[in-house]
Amino acid sequence: MDNGDIEGGEEEFHGIGGRKYRPVVADDRAVLQMSSIDPGSPSTSPLPRNPPPLKNVRVDVDSNMHSDAREGSIPDNVGVNGSQRDSKLELFGFGLVNILGLRSMTGEPILAPSSPTDGGDGENVAISSGRPKPTDVKLGTMMGVFIPCLQNILGIIYYIRFSWIVGMAGIWESLVLVSFCGLCTFLTSISLSAIATNGAMKGGGPYYLIGRALGPEVGVSIGLCFFLGNAIAGAMYVLGAVETFLKAVPAAGIFRETITKVNGTTTAEPIHSISSHDLQIYGIVVTIILCFIVFGGVKMINRVAPAFLIPVLFSVLCIFIGVFLARKDFPKVGITGLSAKTFKDNWAADYQNTNNAGIPDENGKVAWNFNALVGLFFPAVTGIMAGSNRSASLKDTQRSIPIGTLAATLTTTVLYLVSVIFFGALATREKLLTDRLLTATIAWPFPAVVHIGIILSTLGAALQSLTGAPRLLAAIANDDILPVLNYFKVADGNEPYVATLFTAFICAGCVVIGNLDLITPTITMFFLLCYSGVNLSCFLLDLLDAPSWRPRWKFHHWLLSLLGASLCIVIMFLISWLFTVVSLALASLIYYYVSIKGKAGDWGDGFKSAYFQLALRSLRSLGANQVHPKNWYPIPLIFCRPWGKLPENVPCHPKLADFANCMKKKGRGMSIFVSILDGDYYERAEDAKAACKALDTYIDYKRCEGVAEIVVAPNMSEGFRGIVQTMGLGNLKPNIVVMRYPEIWRRENLTEIPATFVGIINDCIVANKAVVIVKGLDEWPNEYQRQFGTIDLYWIVRDGGLMLLLSQLLLTKESFESCKIQVFCIAEEDSDAEGLKADVKKFLYDLRMQAEVIVITMRSWDVRSDGGPQQDESLEAFNAAHQRIADYMAEMKASAVREGTQMMADGKPVVVDEQQVEKFLYTTLKLNSTILRYSRMSAVVLVSLPPPPANHPAYFYMEYMDLLVENVQRLLMVRGYRRDVVTLFT
């Protein structure tokens, strides 16, 4: 059948996922046939009466699939990667969404596009190569989650420590102990179910969940602690297997056993304790063997692991059969059978001192209490993460993980509660405390059943630990957060051999300790830390309730997650405050190391959502009213567009960020770095993105707290006018515009700069924005260049105290902290200079500002001497500026005469009073002369920025400004706005 034909009849196509699809027929009413619309034809062309049929795509089937798979009626625009071909079914020129296009949203790898131009087949497109092969066996809830969790939870503690715990804590406190620990893991399972059903999971288990919820720093710190917990748990399982083997076969011991007499027993029967050296030697040998098995084949371990559970379940059944068959002193002395009297005797607790092997001894150095038993028993309820670790092998993670994990948790908790009652009513307290393998003693038909079950269960759990822990470490390394973990990286599908060796080394080191009771509290701390991280993750996500938080598991609440996290922390401190402090300190050190050395990554974690909601709430609380001067912060808008050209790949003047940092107290505050690209937005959108990324990189490099914004506009003036109107939200709008003074405009003959510069200042005045113009930016000091001298303020007009505040902010920086402030007040000759000086001093005192006040008298324009500026040292600059203005005015007049119109400048009519122009030049000249006379050696000079005169050409204003800044090395021209930024009141 040709590709262009449609399979006739009512045949069904078994498509992706096994669903049945009915082939599309030409007369189907549900089909909108738009293939007649040619891309180059008008959209109004009519549809044909008999549209051509849709093309088919041949489905390439793997050799292990059914050979009789038929061709389907999938449109041929669906390729292996979702690439668009000559689509016959499209909407306004866009192909419809296909399954492979949706797959890209899940983060699955998709092959490179295959198109006829790339040498691919334009007609026959395989859609099976991007899908998982059918030979991959997917696990259900029972085999994928329930059995692994049950195997990890039900382990060594139940067999060789549980009866001893009942004897030490009594039935009552043992029930409380089991319920307490079981509640902790049950609440954690609920949180785990909610997070695990909120999207697809990748490798890493709890590390992946916590990292994506609380951020990479928290995820890596808790993930590494969980890795250590799993590695140390492997040592616990190995020691449990070896101890059971040596108990069952005493002749296998190499060293002499320690004999301990039981105090208070009615018999003189000695108790044999295993030598710690035997535990160390056999434990290291078993660890090495297990390591070789892990190297040999992980797939084999996953297939054999469920078989380890069968002897475990059979041994538990034999234990309960033995409980019901036991009689007084049968099968051993101290066994009473199920007895009410024994139950009553064992109801209360009886904590005793023991030796290192757990045998009661009055002179023993180990003291036991309820808190210590929590640390000893808690590993018996861990293992709830086994299902989430296998998420990649599950058919339906959204269903299997919650049901399987909670079922395993409840099953083992009920088993422990029933066992507490049975063991408490079965044997005397002395027997419970001295027979460490009471479960084997009472097992039916013989103890070897329990011995075999213990050994197989512990070895299976150890294999799971030595298999899962390296994968957890490899998952952390593959996220490329910590460079130091690069040695443990592995490619997809490869075995983490280096991580396995490292895990085996840690396991062997813990085996050398040789004491199970000392290892289990360490494991408890790491597991509790992980569980608290899972609960806090669910708590944060549930409390924030972001739009992306839509878990399929609905039985969760942030109060339950908070209670679970609190229980984890309480249990940690109940066990040992010292171990808790050490574990938290280790996690904190890892967190600090990751935050310093780690690579930044945005995983969409809950903290980002919390910051976002906090920012929204704070923004709403600020309102739109005027900010009180006590709460006023400078939010500078740094105008990065250069006057001229910068070197390539330099997005901003290198000293602008240094100056922006000087406007913040202790670095607190926000700066907005903005630049303008000339052109059309549709044509330069990609250029704007690249420029924004480069500018953001520059801001990070300069360690400045700020954001980058790029605006595309037809020209600089229109772009800035849009920025000054729209930038910011509510009261979080920029309030100061900072830009560099265009010193090069005359040297480079940039005739467009005056109009643009004056237009920006006028826009700021209209928008009620303060303005700071920096002259001498090239010489502005960085944080390491210490300045000496004075910061001189020429306070001419009222600016709301902005100039005073800027001088105080400069003093908070290391580069200016050695400077002193001088405030120069300009007064006319006939004014009361002393009274002005006293008033300014009183004002500065009330503002808590230390500064020296200097009053300078200046002769006004009306009473200036006949000599005029001839006596001034800046005569040459004054005359040159006066001549250029006269030439410019003459050119305007000549142009107006030729065109028969009034004088025009910058596209607007102007009316210039020549006497007023001369007055502005003279006043500017006198101010410049005063600055050079008193502040030539100052560190920085701040002067009030005069507004552009109305009806004066922009060229004239630039001449005024050039005359003002002449020969001043470092100058800030400041113009405030209609708000006070300082206050006298507390």
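Computed from a predicted model, the values in this text were never measured in an experiment. Every chain is numbered on its own, with residues counted from 1 as its sequence reads. Under the rules for a predicted model, residues below a pLDDT of 70 receive no local features and side-chain atom pairs below 80 are neither given nor counted, while totals for whole chains, interfaces and linings still include all residues. Side-chain measures were taken over the full set of non-hydrogen atoms in the model, leaving aside hydrogen atoms and water.

**Topic: unusual backbone geometry**
In the segment running from Phe 330 into Pro 331, the intervening peptide bond is cis, with an omega of 10 degrees. Position of Pro 331 among the secondary structure elements: in the loop between α8 (298-325) and α9 (340-345). In this structure, the amide linkage connecting Trp 444 to the following residue, Pro 445, adopts the cis form with an omega of 0 degrees. A helix here means a DSSP run of H or I that spans at least four residues, while a strand means a run of E at least two residues long, and both kinds are numbered starting from the N terminus. Summarising the element assignment, Pro 445 is placed in the loop between α14 (438-442) and α15 (448-478). For Asp 545, which is not glycine, the phi torsion reads 55 degrees and is therefore positive. Tracing the backbone through its elements, the reader meets Asp 545 in the loop between α17 (516-544) and α18 (558-575).

**Some words on the sheet that holds strand β18 (residues 971-975)**
A strand pair is defined by DSSP finding two or more bridges across the two strands. Ordered in space as β9-β8-β7-β10-β11-β18-β17-β12-β13-β14, the 10 strands form an open sheet in which the pairing is mixed. Edge positions in the sheet fall to β9 (706-713) and β14 (852-858), since each has one partner strand and no second. The sheet shows a mean angle of 20 degrees between the axes of neighbouring strands, taken without regard to direction. Alignment of strand β10 (residues 736-740) against strand β11 (residues 770-775), held across five bridges, turns out to be parallel. Residue pairing in the sheet places Ile 736 in a bridge with Ala 770 of β11. What counts as an axis is a line fitted to C-alpha atoms, over the stretch in contact for a helix, and the angles between N-to-C directions run from 0 to 180 degrees.

**Remarks on the side chain of Thr 188**
Structurally, Thr 188 is set in helix α4 (residues 162-196). Since its relative accessible area comes to 0%, Thr 188 is described here as buried. In this structure the side chain of Thr 188 is engaged in a polar contact, spanning 2.8 Å, whose partner is the backbone oxygen of Cys 184. Here, two residues are considered to be in contact whenever any of their heavy atoms come within 4.5 Å of each other. Sequence-distant contacts of Thr 188, defined by excluding residues within four places in its chain, comprise Ile 384, Met 385, Tyr 531, Val 534, Asn 535 and Cys 568. Think of it in three bands: residues with accessible area under 20% of the maximum for their type are buried, residues over 50% are exposed, and the middle band is partly exposed, with areas taken using a 1.4 Å probe on protein chains only. Here a polar contact means two N or O atoms within 3.5 Å. Within protein one must be a hydrogen donor candidate and the other an acceptor candidate, and residues neighboring in sequence count only if both atoms are side-chain atoms.

**Concerning the packing of helix α7 (residues 276-296) against helix α16 (residues 497-513)**
Relative orientation of the contacting elements α7 and α16 amounts to 165 degrees, with a least axis distance of 9 Å. By the angle between their axes, α7 is roughly antiparallel relative to α16. For the crossing formed where α7 meets α16, the hand is right-handed. Of α16, the residues touching α7 (which contributes Leu 279, Gln 280, Gly 283, Ile 284, Thr 287, Cys 291, Val 294 and Phe 295) are Tyr 497, Thr 500, Leu 501, Ala 504, Cys 507, Ala 508, Val 511, Val 512 and Ile 513. Our angle categories are set so that under 35 degrees counts as roughly parallel, over 145 as roughly antiparallel, 65 to 115 as roughly perpendicular, and the remainder as oblique. Crossings are classed by handedness, with left-handed meaning an anticlockwise turn of the near helix from the far one by less than a right angle and right-handed meaning a clockwise turn.

**Observations regarding the environment of Gly 424**
When you line up the elements, Gly 424 lands in helix α12 (residues 397-424). Considering only alpha carbons, one finds Gly 424 and Leu 338, 86 residues apart in sequence, at a separation of 8.6 Å. Excluding anything up to four places from it in sequence, Gly 424 contacts Val 166, Ile 171, Thr 342, Phe 343 and Asn 346.

**Brief notes about the nonpolar core**
Only buried residues count toward a nonpolar core, which is a set of Ala, Val, Leu, Ile, Met, Phe, Trp, Tyr and Cys residues joined through side-chain atoms within 4.5 Å. Counting 140 residues, the largest nonpolar core has Tyr 158, Tyr 159, Phe 162, Val 220, Leu 373, Phe 377 and Tyr 416 as its most contacted members. In terms of nonpolar packing, the next biggest core, distinct from the first, is built from 61 residues, Phe 720, Val 912, Ile 931 and Met 958 among them.

**Description of the pairing of strand β8 (residues 671-678)**
Successive residues of a regular strand alternate their side chains across the two faces of the sheet. The buried fraction of β8 is high, at seven of eight residues. Direction of pairing for strand β7 (residues 636-639) relative to β8: parallel, over a ladder of three bridges. By the bridge assignment, Phe 639 is partnered in β8 with Val 674. Looking at chain direction, β8 and β9 are connected through eight bridges and run parallel. Looking at the pairing, Ser 671 lines up with Gly 706 of β9. Once the chain exits β8 it traverses helix α22 (residues 681-701) before rejoining the sheet at β9, and the crossover so formed is right-handed. Classification remark: right-handed applies to a crossover when, strands pointing away from the viewer, the course from the first strand over the helix to the second runs clockwise.

**Side note on helix α6 (residues 216-248)**
For α6, built from 33 residues, the straight-helix expectation of 48 Å at 1.5 Å per residue is met to within 8% by its first-to-last C-alpha distance of 47 Å. In terms of burial, α6 is a largely internal element, 28 of the 33 residues being buried. Expected span, for any helix, means 1.5 Å times one less than how many residues it has.

**Side note on the environment of Lys 554**
Take Lys 554: it is sitting in the loop between α17 and α18. Assessed through its relative accessible area of 58%, Lys 554 is described here as exposed. Linking Lys 554 and Thr 197, residues 357 residues apart in sequence, is a C-alpha distance of 9.5 Å.

**Some words on the side chain of Thr 342**
With respect to the helices and strands, Thr 342 occurs in helix α9. Polar contacts involving the side chain of Thr 342 include one to the side chain of Thr 336, which spans 2.8 Å. Residue contacts for Thr 342: discarding those within four places in its chain leaves Thr 336, Gly 424, Ala 425, Leu 426, Ala 427 and Thr 428.

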